[in-house]
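Chain by chain, the residues run as shown.
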Amino acid sequence: MTDEPPLVVGIDIGGTKVLAVEAGPDGQVLRTAHAGTPGRLVEPSLVEDALTAALQDVAGGRPVAAVGLAAAGFVDASGERVRFAPHLPWRDDPVRARLAERWGTTVALDNDANCVARAEASYGAARGAGSALVVTLGTGIGGAIVLDGVVLRGHNGMAGEFGHMQVVPDGQPCECGRRGCWEQYCSGNELVRIARRELGRMPTILDELCGGDPERLTGPMVSQAAEQGDLLARRAFGSVGDWLGVGLANLVAALDPEVVVVGGGVSAAGDRLLDPARAALTRSLVGSGHRAVPPLLRAHLGPEAGAVGAADLARALLASG
Ligand SMILES: [Zn+2]
């Protein structure tokens, strides 16, 4: 027997990286571990090896009481299967049970944006709000709707997949197989695409940051350049922010939430992203002169929100027996 509190781990798997955190009972991050995501064109077992490595890293040999997995994909309403994940290899796959068996512990599974929303509603920017719209900007767009502190799952468990709302008929092809999805115009990927497209057309420190090779350009490089006042990088954020506000105006028209919370890696840019989004939201929202336009808040829990929310879900599952 031991007096150690049970070790609860949350793991967030996105299109490019795996983040594992040890989370305390009040959502505190006690320890973190990182790994790369092998990609969507590999065997699922390779992705699960990366998850296992991150779990072992964060556990450091201690017994694990429960693991929550936040996956960038469609998770069914019962939290058993990943139905489809544009950036990962799982296809209608019983991921929860397989990982529970592999790890010999309680495992909870949910969509990554649902986990971010759970964390922000419990400990972050949406705490105490009667209703909140949560949007995460990373490789793509994730989203969730929170009503009275509860994440709306939808009939199939697929509510809140805002990133694949078609905003441009016959627009840019999307990894989901369709065209013109919102995340093709408003995401970390689009930030990089805009910068690549404009390289060589105007002076920019991005030339230097990517060593003259546009293929080596990354989202964090665009963020760094924007922070240093680079005009091209700032224009890229202006465009993504504008598309963010336009899409949010449609969602706010549909849901009329009390607050809107923006998280995900791209949200680290703060007001550089949110100011153009606020302007576009106010400009595009129906009746905006005659209603309270919801505040557009940056997520409080930062890049760890998904993992913290997943750990919270696992802890709740553990408590419910
Ligand atoms: Zn799509």
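Below you will find a few notes about this structure. (Residues numbered from 1 in each chain as written. Predicted model: local features only at pLDDT ≥ 70, side-chain atom pairs only at ≥ 80, totals over all residues. Heavy atoms only, no water.)

**As for the nonpolar core**
In terms of nonpolar packing, the biggest core is built from 41 residues, with Leu137, Leu206, Leu244, Leu248 and Leu273 touching the most fellow members. Breaking this core down by element, the ones donating at least two residues are strand S9 (131-137), strand S10 (141-147), helix H4 (188-198), helix H6 (219-227), helix H7 (231-255), strand S12 (259-263) and helix H8 (271-284). Filtering out sequence-adjacent residues up to four positions away, Leu206 remains in contact with Ala195, Leu199, Leu217, Met221, Val222, Ala225, Asp230, Leu232 and Ala233. Counting 29 residues, the second-largest nonpolar core is a separate cluster that includes Ile11, Val47, Val58 and Val107. (Core = buried A, V, L, I, M, F, W, Y, C linked by side-chain atoms within 4.5 Å. Buried < 20%, exposed > 50% of the residue type's maximum accessible area, 1.4 Å probe, protein only. Helix = DSSP H or I, 4+ residues; strand = E, 2+ residues; numbered from the N terminus. Contact = heavy atoms within 4.5 Å.)

**Quick look at the sheet that holds strand S1 (residues 8-13)**
Pairing in this open sheet of 5 strands is mixed, and the strands run S3-S2-S1-S4-S8 from one edge to the other. For this open sheet the edge positions go to strand S3 (29-36) and strand S8 (106-111), each flanked by a neighbour on one side alone. Strand after strand, the sheet turns through a mean of 20 degrees between neighbouring axes, direction not considered. Note: strand S2 (residues 17-23) against S3, 7 bridges, orientation antiparallel. Note that in S3 the partner of Leu19 across the bridge is His34. With respect to the sheet, helix H2 (residues 95-103) is in contact with S1, strand S4 (66-71) and S8, its orientation differing from that of S8 by roughly 150 degrees. Of the strands in this sheet, S1, S4 and S8 are in contact with helix H3 (residues 112-123), which crosses S8 at around 100 degrees. (Pairing = 2+ DSSP bridges. Axes fitted to C-alpha atoms, helices over the stretch in contact; angles between N-to-C directions.)

**Things to note about the packing of aromatic side chains**
Counted according to the given criterion, the structure contains 2 aromatic pairs. Plain terms: the ring middles of Phe74 and Phe84 are 5.7 Å apart, the flat faces sit at 25 degrees to each other, and that makes the pair stacked. On the criterion of sequence distance, the pair formed by Phe74 in strand S5 (residues 74-75) and Phe84 in strand S6 (residues 82-84) is long-range, its members being 10 residues apart. (Phe/Tyr/Trp six-rings, centres within 6.5 Å; stacked < 30°, edge-to-face > 60°.)

**A look at the packing of H6 against H7**
Where H6 contacts H7, the two axes come as close as 7 Å, and the packing angle between them is 115 degrees. Classified by the angle between their axes, H6 and H7 sit roughly perpendicular to one another. With respect to the hand of their crossing, H6 and H7 are arranged in left-handed fashion. Contacts between H6 and H7 pair Val222, Ser223, Ala225, Ala226 and Glu227 from the former with Ala233, Arg234, Ala236 and Phe237 from the latter. The residue makeup of the contact of H6 with H7, split by class, is 6 nonpolar, 1 polar and 2 charged. (Parallel < 35°, antiparallel > 145°, perpendicular 65-115°, else oblique. Left-handed = near helix turned anticlockwise from the far one by under 90°. Nonpolar A, V, L, I, M, F, W, Y, C, P; charged D, E, K, R; others polar.)

**Focus: the coordination of the zinc ion**
The coordination sphere of the zinc ion contains the protein donors His164 (ND1), Cys174 (SG), Cys176 (SG) and Cys181 (SG), at a distance range of 2.0 to 2.3 Å. Geometry at the zinc ion is tetrahedral, judged from its 4 donor atoms and the angles of 106 to 116 degrees they form at the metal. Look at where the donors of the zinc ion fall in the sequence and you get H-x9-C-x1-C-x4-C. Linking His164 in the loop between strand S11 (150-151) and H4 with Cys181 in the loop between S11 and H4, this pair joins segments that are 17 residues apart in sequence. In this structure His164 comes out as buried when scored by relative accessible area, which is 13%. Look at Cys181 and you get buried, because its relative accessible area is 0%. (Donors = N, O, S within 2.8 Å, 3.2 Å for Na, K, Ca; no water. Tetrahedral: all angles 85-135°; square planar, octahedral: opposite > 155°, others 65-115°.)

**Topic: helix H9 (residues 305-319)**
With 15 residues, H9 ought to run about 21 Å at 1.5 Å a step, and its terminal C-alpha atoms sit 21 Å apart, in line with that. Where H9 is concerned, the buried positions are Ala305, Gly306, Ala307, Val308, Gly309, Ala310, Ala311, Asp312, Leu313 and Ala314. Of the residues flanking the end of H9, it is Gly321, one or two places downstream, whose phi is positive at about 80 degrees. (Expected span 1.5 Å × (residues − 1).)

Honestly, that's just the spatial picture; any functional story needs more than this.
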